[in-house]
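Descriptive structure summary
The lines below spell out each chain.
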Amino acid sequence: MKKNPHQNQPTKKYIHHQSSIKMNKKIYSSTDRVMDNVPYPPVHLLTIKEIFGTSDKPNLQLLLQHLEAEGRLELDAALTIMIRGRELTAREPNLLEIGTPITIVGDIHGQFFDMLKMFEKGGDIASNRYLFLGDYVDRGQFSVEVVLYLWAIKITYPDTFFLLRGNHECRNLTVYFTFKDECLLKLGDLFYEECMKSFDCLPIAALVQGQLFCIHGCISPEIRYIREVTDINRIIEPPTKGPLCDILWADPTDGYDNEKLEQRSEMYTHNGPRGCSYNVSYKAMCKFLDDNDLLCVIRAHQVQSAGCKMYKKHEKTLFPTLVTIFSAPNYCEVYKNRGAILRYDGSVMHVFQYKWVKHPYVLPNFLDAFRWSIPFVLEKVTDMFLAILKFCSDEHDSRLSRRTQIIEKIVHYYASLSDEAEQSLVFGNVLPPISNRLTESRIANKDQIDFQTAQQMDYPNEHLPYNQYRRK
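Residues numbered from 1 in each chain as written. Predicted model: local features only at pLDDT ≥ 70, side-chain atom pairs only at ≥ 80, totals over all residues. Heavy atoms only, no water.

Defined as follows: UniProt positions are given in the numbering used here, feature names are shortened, and annotations may be inferred rather than shown by experiment.
For the chain, the name recorded in an unreviewed UniProt entry is Serine/threonine-protein phosphatase, with Rotaria sordida as its organism. One UniProt comment on the chain, placed under Sequence similarities (unreviewed entry), says "Belongs to the PPP phosphatase family." In its Catalytic activity (unreviewed entry) section, UniProt records this for the chain: "O-phospho-L-threonyl-[protein] + H2O = L-threonyl-[protein] + phosphate".

Comments concerning the state of the cysteines
Put plainly, a disulfide is one covalent bond tying together the sulfur atoms of two cysteines. Rules: Any pair of cysteine sulfurs within 2.5 Å is marked as a disulfide.
For the structure shown, the criterion picks out zero disulfides. In this structure Cys276 is a free cysteine whose sulfur lies 4.0 Å from that of Cys245, the closest cysteine sulfur available.

Describing helix H6 (residues 143-156)
Under the convention used in this document: Numbering of helices and strands runs from the N terminus; a helix is a DSSP stretch of H or I covering at least four residues, while a strand is a stretch of E covering at least two. Helix span, expected: 1.5 Å multiplied by one less than the number of residues in the helix. A 1.4 Å probe rolled over the protein chains alone gives each residue an accessible area, and that area as a share of the maximum for its type sets the label: buried under 20%, exposed over 50%, partly exposed in between.
Its 14 residues place the ends of H6 20 Å apart at the C-alpha level, agreeing with the 20 Å of an ideal helix rising 1.5 Å per residue. Across the 14 residues that make up H6, a large majority, 14, are buried.

As for empty space enclosed by the protein
To keep it simple, the criterion reads: The way it works is a 1 Å grid over only the protein atoms, where trapped points that fit a 1.4 Å probe form a cavity and open points with protein on both sides within 12 Å along at least five of seven lines form a pocket, and then any residue with an atom within 4 Å of a point lines it. Grid points are joined across faces, edges and corners, and a volume is the space filled by probe spheres set on the points.
Applying the stated criterion to the full structure yields one cavity of 30 Å³ or more. As for the largest cavity, its lining consists of Leu67, Gly71, Arg72, Leu73, Val144, Glu145, Leu148, Lys186 and Leu187.

Some words on the side chain of Thr324
For clarity, the threshold we go by: Whenever a nitrogen or oxygen atom comes within 3.5 Å of another N or O atom, the pair is scored as a polar contact, on the condition that within protein one atom can donate a hydrogen and the other can accept it, and that pairs from neighbouring residues in sequence are kept only if both atoms are in side chains. Note on contacts: a residue pair is in contact if any heavy atoms of the two residues lie within 4.5 Å.
The topology assignment puts Thr324 in strand E12 (residues 322-325). Classification of Thr324 by relative accessible area gives buried; the value is 0%. In this structure the side chain of Thr324 is engaged in a polar contact, spanning 3.0 Å, whose partner is the side chain of Arg299. Within the structure, the side chain of Thr324 is placed 3.5 Å from the side chain of Tyr311, a separation counted as a polar contact. Apart from residues no more than four positions distant in its own chain, Thr324 is found in contact with Arg299, Ala300, Gln302, Gln304, Gly307, Cys308, Lys309 and Tyr311.

Here's the deal with the nonpolar core
Cut-off, in case you're wondering: Joining through side-chain atoms within 4.5 Å is the link that ties buried Ala, Val, Leu, Ile, Met, Phe, Trp, Tyr and Cys residues into a set, and such a set is a nonpolar core.
If you look at the biggest cluster of nonpolar residues, it comprises 51 residues, and the most contacted ones within it are Phe119, Phe132 and Tyr149. Per-element accounting of this core gives the leading share, 10 residues, to H6. The residues contacting Tyr149, other than those within four sequence positions of it, are Leu60, Leu63, Leu64, Leu67, Phe112, Met115, Leu116, Phe119 and Ile125. Counting residues in hydrophobic clusters, the runner-up holds 36 residues, among them Phe213, Ile223, Val280 and Leu464.

A short note on the packing of aromatic side chains
To be explicit about the condition: Side-chain rings of Phe, Tyr and Trp, where Trp is taken by its six-membered ring, are said to pair if the distance between their centres is within 6.5 Å; with planes under 30 degrees apart they count as stacked, over 60 as edge-to-face, and otherwise as tilted.
Enumeration according to the criterion identifies 22 aromatic pairs in this entry. Taken together, a centroid distance of 6.3 Å and an interplanar angle of 85° make the contact between Phe112 and Tyr149 edge-to-face. Of this pair, Phe112 sits in helix H5 (residues 112-122) while Tyr149 sits in helix H6; the two residues are 37 residues apart in sequence, bridging distant segments of the chain. The exposure class of Tyr149 is buried, given its relative accessible area of 6%.

Some words on the pattern of salt bridges
Put simply, the rule reads: What counts as a salt bridge is simple: a side-chain nitrogen of Lys or Arg found within 4 Å of a carboxyl oxygen of Asp or Glu.
As enumerated under the stated definition, the model contains 14 salt bridges in all. A salt bridge links Glu92 to Lys154, with the nearest nitrogen and oxygen atoms 2.6 Å apart. Taken as a pair, Glu92 in the loop between helix H4 (75-90) and strand E1 (95-98) and Lys154 in helix H6 lie far apart in primary sequence, 62 residues in all. Accessibility assignment for this pair places Glu92 and Lys154 in one class, buried. A salt bridge links Arg139 to Asp458; its shortest N-O distance comes to 2.6 Å.

Observations regarding the packing of helix H3 (residues 60-68) against H5
Put simply, the rule reads: Comment: axis = line fitted to C-alpha atoms, over the contacting stretch for helices; angle = value between 0 and 180 degrees taken between N-to-C directions. Each angle is binned into one of four classes, with values under 35 degrees roughly parallel, values over 145 roughly antiparallel, values of 65 to 115 roughly perpendicular, and all other values oblique. Whether a crossing is left-handed or right-handed is set by the direction in which the near helix is turned from the far one by less than a right angle, anticlockwise for left-handed and clockwise for right-handed. We call Asp, Glu, Lys and Arg charged. Ala, Val, Leu, Ile, Met, Phe, Trp, Tyr, Cys and Pro are nonpolar, and the rest, Gly among them, are polar.
Two numbers describe how H3 lies on H5: the axes approach to 11 Å, and their chain directions differ by 135°. By the angle between their directions, the pair H3 and H5 is classed as oblique. Of the two possible hands of crossing, H3 and H5 adopt the one that is left-handed. Seen from H3, the contacting residues are Leu64, Leu67 and Glu68; seen from H5, they are Phe112, Phe113 and Leu116. Partitioned by chemical class, the residues of the contact of H3 with H5 number five nonpolar, no polar and one charged.

Spelled out as structure tokens, the structure:
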């Protein structure tokens, strides 16, 4: 049979279709940025000379512009900022005494770009007095930038800018969470160690206008009068019990607003969710305020959907006995809470709220794209190997059967790692416990997570972790 010379040859219509696809196909360069409207981060590292020049004060405007653009500093420049800031805070007492008017700021948690929004609400740092209640690091992706900028402001305005210690300013939590990894990535181990020394030197409480007692956590059963705060040795890694632990870790009771003074109840109960310290009752708070002739206790430490919560008023003063302020909006990228700061002029409290702002994207745990994708590659490779083994193996060979079972377990393990890597993009820095896997599987994106769901998923992270620093 004679073969048709035109058989199996492409038609003119097909050739035209293929050529049009090639013409319309967009070619991406391997060297240029896909999003060419997004500028490159600065390659240049800021030096000591550029930041300080011939002055003993840093150039805040230059530093801010550089950090906003995701620029980094030379190690010597970063260490100089931390050391000079530490020298100032080390000379301050445990209990600061500050006047009014003042802006009080709660947790920041590495949310550098949201912190800049906060400064817009709080006013110019050159003409306003600020008090920060701690928790500058962990959970967010820009803790290094937060610390460097705040310490630089402290150097510039040492008499009007004050920093207290939070429970995250310690070795244990910064190893357990993200701050140490961030330091190692951006500046190295020397910078991390200097940060820990600086955190040890931070004051632990403040008295504003003789009326407001400001701390990070809450009051302690071991402190009856505020003058006893001055007797605490603060230049240590915080212990898991005692007055320093309570100042950093304590919380009000869940039923605080429903308590009555005439009720017979314990004033301090064990703080189960934290795994240390106490839950403080309304009765204990009223007694502490009366004994010290105070108006109110201002604290941070707990995320609030509105950024601020004013608790039950004192029966005598009709002023809130306790106020919680939280200044990290959309905490952990999923809470969708507002941030807030508190302005006190000596008689009236003003609360300013603000929403979160967009910031540069960072993969969870500071992974690069290659390391983040490794579980997906391993899962597919082992899956292919398993398919080949099943195809080539004899059903009656017991040895091959055992090998197949082992590889199936490996495939399942890599599949779980892939699932966790994928879910980490949805849940940000909140790591759901195993018991919440059903809840996790029903959530496809961050828009489905509300404040209460985020709290439930984040519950295990509120607990004092095993001592990571000593273990390592």
